[in-house]
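Inside the fold
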Amino acid sequence: MSTAVTAITENLEIAGRQFTSRLLIGTGKYRSFEEMKRAHHASGAEIVTVAVRRVPLDRSTESFLDHLDPSLVILPNTAACYTAEEAIRTARLAREALGTDLVKLEVIGDQTTLFPDNEQTLEAARVLVREGFTVLPYFTDDLIMAKKLLDAGCAAVMPLAAPIGSGLGVQNPANLRIMREQLPHATIIVDAGVGTASDAAIAMELGADAVLMNTAIAEARDSEGMATAMRLAIEAGRLAYLAGRMPKRLYASASSPLAGVIR
């Protein structure tokens with residue numbers, strides 16, 4: 001089977017669940033609910049992450065929950081939690097209110113950078129896995145921590161590309177490449193820091209299984225157009241990774257071989 005056919009037909013698998021899209025999206029920062037819905041549709045995404053602590057789970061007031069496509073799989077996240085205890089409590093609340101064992105685990109360690117607290121994240125992950133949650137932890141792009149989270153039973157790992165909402169793109173490509181090579185069977189979802197389509201393509205070319213983003217689409221001048229661009233970039237990056245890029249060379253290499261040239 002050709003690389004192109006493989007890239008198009010293979011699914012993203014998370015804890016035994018199959019998804020055709022490798023783009024995961026968020027719900028924050030959109031200028032209107034209608035804009036959010038158009039962007040979600042254009043992205044082709046099947047998973048949407050929801051900040052549990054920033055939405056009325058009892059549906060007492062209108063929120064983006066009332067405007068989500070019912071076909072989308074909701075991935076609750078523990079954004080704005082600063083301790084393992086807070087994150088565990090928030091995950092339990094989400095499971096009760098939304099009826100899902102999925103959780104994007106976030107334990108923030110610093111208010112300015114929003115970098116994750118890896119130690120608290122690991123502590124929370126161990127508890128939540130024991131309680132039957134399907135845990136997808138957000139953490140710094142650290143191979144050793146990735147191994148520990150996977151050993152704890154996490155269904156996937158979600159290393160950051162750059163600080164949340166920064167739009168800086170992949171800052172440490174070597175770390176992501178090493179993670180992919182050292183963890184060939186793990187599901188790796190790059191999370192945070194993507195700013196434009198080329199950033200998403202680079203993450204996929206490095207071997208990521210998927211990319212999660214929110215601000216890059218929501219704050220674009222044309223969010224629907226950017227969502228389309230991100231969908232195509234994810235597909236192109238995945239195809240390029242599977243196809244295998246040419247080696248980099250210091251010097252030129254003629255496109256046309258000299259063998260057989262008439263002299």
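Residues numbered from 1 in each chain as written. Predicted model: local features only at pLDDT ≥ 70, side-chain atom pairs only at ≥ 80, totals over all residues. Heavy atoms only, no water.

Focus on the overall build of the protein
Within the protein, the secondary structure is distributed over 9 helices and 10 strands. Over its C-alpha trace the protein gives a radius of gyration of 20 Å, about what one expects of a compact globule, namely 18 Å for 263 residues. Expressed along its principal axes, the backbone C-alpha trace of the protein runs to roughly 80 × 40 × 40 Å. Sequence separation of 24 or more characterises 65% of the internal contacts of the protein that already satisfy a separation of 6 or more. When the accessible surface of the protein is summed, it comes to about 13,200 Å², and 52% of that surface belongs to carbon and sulfur atoms. In the protein, 26 positive and 31 negative side-chain charges are present, and the distance between their average locations comes to 6 Å. (Helix = DSSP H or I, 4+ residues; strand = E, 2+ residues; numbered from the N terminus. Rg over C-alpha atoms; globule rule 2.2 N^0.38 Å. Contact = heavy atoms within 4.5 Å. Areas by Shrake-Rupley, 256 points an atom, 1.4 Å probe, with all protein chains shown as cover. Lys, Arg positive; Asp, Glu negative; His and termini not counted. Charge placed at Lys NZ, Arg CZ, Asp CG, Glu CD.)

Quick word on the nonpolar core
Among the nonpolar cores identified, the biggest contains 40 residues, and Val211, Met213, Ile217 and Met230 are the most heavily contacted of them. Sequence-distant contacts of Met230, that is, excluding residues within four places in its chain, are made with Leu23, Val194, Gly195, Thr196, Ala197, Ala200, Met213, Ala216 and Ile217. Core analysis: the second largest hydrophobic core is formed by 27 residues, Leu122, Ala124, Ala125 and Leu149 among them. (Core = buried A, V, L, I, M, F, W, Y, C linked by side-chain atoms within 4.5 Å. Buried < 20%, exposed > 50% of the residue type's maximum accessible area, 1.4 Å probe, protein only.)

Some words on the packing of aromatic side chains
Throughout the structure, instances matching the rule amount to 0 aromatic pairs. The lysine or arginine in question, Arg95, covers the ring of Phe133, its NZ or CZ lying 3.8 Å from the ring centre. Cation over ring: Lys104 sits above Tyr138, and NZ or CZ is 5.8 Å from the ring centre. (Phe/Tyr/Trp six-rings, centres within 6.5 Å; stacked < 30°, edge-to-face > 60°. Lys NZ or Arg CZ within 6 Å of the ring centre and 35° of its normal.)

Considering the pattern of salt bridges
For the structure on display, the rule yields 12 salt bridges. The partner of Arg31 in a salt bridge is Glu35, with the nearest N and O atoms 2.7 Å apart. Note on Arg31: relative accessible area 52%, which makes it exposed. According to the relative accessible area criterion, Glu35 is buried, its value standing at 9%. Here Arg38 ties to Glu224 by a salt bridge, and the two come within 3.7 Å at their closest N and O atoms. Within this pair, whereas Arg38 is found in helix α2 (residues 33-43), its partner Glu224 is found in helix α9 (residues 223-243), the two being separated by 186 residues in sequence. Given a relative accessible area of 36%, Glu224 falls into the partly exposed group. (Salt bridge = Lys/Arg side-chain N within 4 Å of Asp/Glu carboxyl O.)

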